[in-house]
Amino acid sequence: MNPVDYAIGHARLTLSVLLFLLIAGLSAYVSIPKEAEPDIKVPIVYVMVSQRGISPEDAERLILRPLETQLKSVSNIKEMRSQAFEGGGYVLVEFVAGFDANRALADVRAKTDMAKKDIPKDADEPLVQEVNLSLFPVVVVALGGDVPERTLLRFARQAKTLLEGVPGVLSADLRGARDEAVEIIAEPMLMKSYGINLTDLANAFTAGNALVAAGAIESASGRFAVKVPSLIETAADVLKYPIAASGAASVTLGDVAEVRPTFKDATSITRLNGKNAIAIEVVKRTGANLIETVDGVKAAMEQVRKSWPASVQVSFTQDKSKTIRDMLHELQNSVITACLLVFVIMLVALGGRASLFIGIAIPASFLTGILGLQMAGLTVNIVVLFALILAVGMLVDDAIIVSEFAERRMSEGMAPREAYSLAAKRMAGPVISATLTRVAAFSPLMFCPGIVGDS
């Protein structure tokens, strides 16, 4: 039996399936993860090496050239770019389309390890990472106001710990926050009276500030590990740190120097309304709902903000959820507007029956498509929303063609069932051909190389 005749002959079953698709599609539309852009692999791996105080010229000669020499032997490289700056340099390695991300990352790390022997010993450990769009911040929380820097840093760390516990949040990184440090001002006269020089100070800190394992103690109750704690954790520990000792007494750092708590030099500056601030970059987990994650971040900040002074200002920038909300709102408006306009036009032109059928077909097809996306494990992003908005216009055209043919046959005296059955059979070819024509127009995008083809 023809599928069209079967659907018309079993009207209750057809309506039940339609109702199920509407309910399931609506539930999928509410729960499906929503993202700003599709999760695609960017074929770029970068290597960055830092060295305090090195000039751009020396960074190019001592850091970048050894890295480039080793990395140029990696296979499937499309382009390699490098740049030196004061304090280090980086190398960007771009691979050809269709590359194996895991293998490329492993090859770059292996070649970077081979280049370490030619890099200055006092350089920092090379950082090798791939460019991942899903690791870009979805929202940035900025803290500022007329409060001391140390107090603002304490609030920022408190907010960071809270935000990392929000469902959907992968990490929350501080930007514009200076690390705490201790400034030691030695008194030359006191050091000379104790027979201590600056070399003794440096050697003492190099030999200490470590957790020393001292074996284990076994008893009837069990085996216990023994350790000698000598880590510096507070400013008081610095003052009591021994510099020199004899059998009778020891000389501590507080005896020969003044210790002041301070901050390291700033490497980045964040401002809010013209005043110094600290930013928290929030990154969501892959596949998590962007809108729900951002809403959870804002709710958590509103909760913790109640325990802070009123002078602390909190603002949200680079909020990607606004773009998704606008796109979803535009899609909803497009579907609703299409349904209303088509319903009114078809009501005037063809009557109530055709307008009702077409008005139901548009949201049913849209929600069925959303249900299929969720079942396939995909997410709603800008690319998907664009495709859905484009499909709304196609649905209107196809529905009008079938309904107009059926109404014309009914005006000639044919029964409604036979008329719509004939219309569906007769118009199936033109409708499918028109749809395939539109698909063919966009199909070359599937074979585009690089990021465009992957998305």
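Position numbers for residues start from 1 in each chain and track the written sequence from start to end. Per-residue local features of the predicted model are confined to residues with pLDDT of at least 70, and side-chain atom pairs are confined, for both listing and counting, to 80 or more; whole-chain, interface and lining totals are unaffected and use all residues. Values shown for side chains rest on all heavy atoms present in the structure; no hydrogens or waters enter the calculation.

Thoughts on the sheet that holds strand β2 (residues 77-85)
By definition, the strands of a sheet pair up through backbone hydrogen bonds, in either a parallel or an antiparallel sense. The line we're drawing: Only strands that DSSP links by at least two bridges are regarded as paired with each other. Secondary structure elements are defined from DSSP: runs of H or I of at least 4 residues count as helices, runs of E of at least 2 residues count as strands, and each element is numbered from the N terminus. Fitted lines through C-alpha atoms serve as axes, helices being fitted only where they are in contact, and the angles separating the N-to-C directions of these axes extend from 0 to 180 degrees. The contact criterion used throughout is that any non-hydrogen atoms of two residues lie within 4.5 Å.
The antiparallel open sheet is built from four strands, whose spatial order is β2-β3-β1-β4. Looking at strand neighbours, the two that pair on one side only are β2 and β4 (127-132), the edges of this open sheet. In this sheet, adjacent strand axes meet at a mean angle of 20 degrees when their direction is disregarded. Across the sheet, helix α3 (residues 56-71) lies against β1 (41-50), β2 and β3 (88-95), angled at about 160 degrees from β2, the strand it touches most. Each of β1, β3 and β4 touches helix α4 (residues 101-115); the most contacted strand, β4, lies at about 160 degrees to it.

A look at the packing of helix α5 (residues 149-163) against helix α10 (residues 290-305)
The cut-off we apply is this: With respect to orientation, any angle under 35 degrees is reported as roughly parallel, any angle over 145 as roughly antiparallel, any angle of 65 to 115 as roughly perpendicular, and every other angle as oblique. In a left-handed crossing the near helix is turned counterclockwise from the far helix by less than a right angle, and in a right-handed crossing that turn is clockwise. Charged means Asp, Glu, Lys or Arg here, nonpolar means Ala, Val, Leu, Ile, Met, Phe, Trp, Tyr, Cys or Pro, and polar covers whatever is left, Gly included.
Where α5 meets α10, the axes come as close as 10 Å, and the angle between the chain directions of the two elements is 140 degrees. When the axis of α5 is compared with that of α10, the two are oblique. As for the relative orientation of α5 and α10, their crossing is right-handed in sense. In this structure, α5 uses Gln158, Ala159, Leu162 and Leu163 to contact α10, whose residues at the interface are Val297, Ala300, Met301 and Val304. Here the residues of the contact of α5 with α10 are counted per class, giving seven nonpolar, one polar and no charged.

Describing the packing of aromatic side chains
Counted only if it meets this: A pair of aromatic rings is counted whenever rings of Phe, Tyr or Trp (Trp by its six-membered ring) have centres within 6.5 Å, and the orientation is called stacked for planes under 30 degrees apart, edge-to-face for over 60 and tilted otherwise. For the exposure calls, accessible area comes from a 1.4 Å probe over protein chains only, and a residue counts as buried if that area is under 20% of its type's maximum, exposed if over 50%, partly exposed in between. Both a distance and an angle decide whether a charge sits over a ring: NZ of Lys or CZ of Arg must be within 6 Å of the ring centre and within 35 degrees of the ring normal.
Counting across every chain of the model gives three aromatic pairs. An angle of 25 degrees between the planes, with centres 5.1 Å apart, marks the rings of phenylalanine 155 and tryptophan 308 as stacked. Taken together, the residues span a long stretch of sequence, with phenylalanine 155 in helix α5 and tryptophan 308 in the loop between α10 and β15 (312-317) at a distance of 153 residues. With relative accessibility at 8%, the residue tryptophan 308 sits in the buried group. Positioned over the ring face of phenylalanine 316 is lysine 298, at 5.7 Å from the centre of the ring.

Considerations on the environment of glutamine 303
Relative to the elements of secondary structure, glutamine 303 occurs in helix α10. In this structure glutamine 303 comes out as exposed when scored by relative accessible area, which is 56%. With 67 residues separating them along the chain, glutamine 303 and isoleucine 370 place their C-alpha atoms 34 Å apart.

Examining the confidence of the model for the protein chain
How we decide: Residue-level confidence of the predictor is summarised by pLDDT, bounded by 0 at the bottom and 100 at the top.
Summary statistics for the protein chain give a mean pLDDT of 81 and a share of 93% for residues scoring 70 or more. Taken element by element, the protein chain is modelled with least confidence in helix α15 (residues 451-454), mean pLDDT 59, and with most confidence in α3, mean pLDDT 90.

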